[in-house]
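Structure at a glance
Below, each chain spelled out in residue letters.
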Amino acid sequence: MSVSVNRRNNTTQFVNRAELLSSRALPQQKIIVITDKVGFEPNASAVIVSWLKEQYGDTACPAVLVNHLSETTKFQLMIISKLERQFEPAQIFKYIARCRKTPSIEHVFIWIVEQKLQDTFLLPYIEHMADSVTTFEDKTHLSLLVKKPTGAVTNKYYEFDPMKDSFFIVEVKRSASAKQSTATKEEVDPPAPNPAALGTFKIDLKDEEIAAKNALTLPFEL
């Protein structure tokens, strides 16, 4: 299904074509973070099921909800607000790193509601480990950060219709009020820690992964 949305200014007509969020957030991405600022978490499993069906067809296996840090299934869903009550942050980080290195695992979806976090540094650290980060900014807008294998990073802002069964997104410019809200949050919140300085455990990276990591602009530095 394809939808066109027409947007005009005084002199020029722009046409942005709607596309599935899953087609942007999933392909070639293993660690997929969803930062939820609007309360979609109760529907997290249903959202992930719909994304997998969109990309792999109706016969796609559902994502297994991670309750123990020992899953090996190809699609997994981690609800951090629940897992951090059972496990130490270092255990969660190690599990994510292990999933990245396990060939049989294709996607790990990590759902984070910042307001529920007991340890706030979990968010920037996990975003740093992610291949893509979808942030539901409000009930009609989201941002999508994608890290490419080359080390390049894209960070775009989209509009979506919450009444649709699927998340069809249209790229738009971030409004002045949204920019102000982001700036205000940065002023109020303490600076996020540097993941490299936490040093609670060691993750072995290949040379090309280290090069890509060093080239990244971290999500919390944008």
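Residues numbered from 1 in each chain as written. Predicted model: local features only at pLDDT ≥ 70, side-chain atom pairs only at ≥ 80, totals over all residues. Heavy atoms only, no water.

The name an unreviewed UniProt entry assigns to the chain is Elongator complex protein 5, from the organism Anopheles maculatus.

**Thoughts on the overall build of the chain**
Applicable threshold: For helices the rule is a DSSP run of H or I covering at least 4 residues; for strands it is a run of E covering at least 2, with both sets numbered from the N terminus onward. Partly exposed describes any residue whose relative accessible area lies between the buried limit of under 20% and the exposed limit of over 50%, with all areas from a 1.4 Å probe on protein chains only and scaled to the type maximum. A contact between two residues is defined here by any heavy atoms of the two lying within 4.5 Å. Using a 1.4 Å probe, the Shrake-Rupley method yields the accessible areas, and only the shown protein chains count as cover for residues.
A count of helices and strands for the chain gives eight helices and eleven strands. Evaluated residue by residue, the chain yields a buried proportion of 40% over its 222 residues. Counting only contacts in the chain whose residues sit at least 6 apart along the sequence, the fraction spanning at least 24 positions is 62%. For the chain, the exposed surface amounts to about 12400 Å²; the carbon and sulfur share of it is 50%.

**Quick look at the pattern of salt bridges**
Any two side chains of opposite charge can pair if their charged atoms end up close together. Note the cut-off: By convention in these notes, a salt bridge is any Lys or Arg side-chain nitrogen within 4 Å of a carboxyl oxygen on Asp or Glu.
Counted according to the given criterion, the structure contains six salt bridges. Asp-131 is the salt-bridge partner of Arg-100, the closest N and O atoms lying 3.1 Å from each other. Residue Arg-100 is located in helix H4 (residues 89–100), and its partner Asp-131 is located in the loop between helix H5 (122–129) and strand E8 (132–136); the two are separated by 31 residues in the primary sequence. Taking the shortest distance from any N to any O, the salt bridge between Arg-174 and Glu-137 comes out at 3.9 Å. Here Arg-174, found in the loop between strand E11 (168–171) and helix H6 (176–188), pairs with Glu-137, found in the loop between E8 and strand E9 (141–147); they are 37 residues apart in sequence, far enough to count as distant. Look at Arg-174 and you get partly exposed, because its relative accessible area is 26%. One salt-bridge network, in which partners are shared between bridges, spans Lys-37, Glu-137 and Arg-174.

**Focus on helix H2 (residues 44–56)**
Threshold: What a helix is expected to span follows from its residue count: subtract one and scale by 1.5 Å.
Over its 13 residues, H2 extends 18 Å from the first C-alpha to the last, a length consistent with the 18 Å expected when each residue adds 1.5 Å. All buried positions along H2 are accounted for by Ala-44, Val-47, Ile-48, Ser-50, Trp-51 and Leu-52. Packed against the buried residues of H2 are helix H1 (21–25), strand E4 (31–36), strand E6 (75–79), strand E7 (107–112) and E8. Taken from the residues just after H2, Gly-57 is the one with a positive phi, measuring 95°.

**A look at the sheet that holds strand E3 (residues 19–20)**
Formally: For two strands to be treated as a pair, DSSP must find at least two bridges joining them. Comment: axis = line fitted to C-alpha atoms, over the contacting stretch for helices; angle = value between 0 and 180 degrees taken between N-to-C directions.
The strand order across the open sheet built from nine strands is E3-E11-E10-E9-E8-E4-E7-E6-E5, with neighbouring strands paired in mixed fashion. One side of each edge strand has no neighbouring strand; the edge strands of this open sheet are E3 and strand E5 (64–65). Relative to E11, strand E10 (residues 153–160) runs antiparallel, the two being bridged by three bridges. What sits directly across from Glu-159, in E11, is Val-170. On the sheet, H4 packs against E4, E6 and E7 and is oriented at approximately 165° with respect to E6. Lying on the sheet, H5 is in contact with E4, E7, E8 and E9; it crosses E4 at an angle near 145°.

**Quick word on H5**
Summarising burial for H5: eight of the eight residues are buried, a large majority. The set of residues buried in H5 consists of Leu-122, Leu-123, Pro-124, Tyr-125, Ile-126, Glu-127, His-128 and Met-129.

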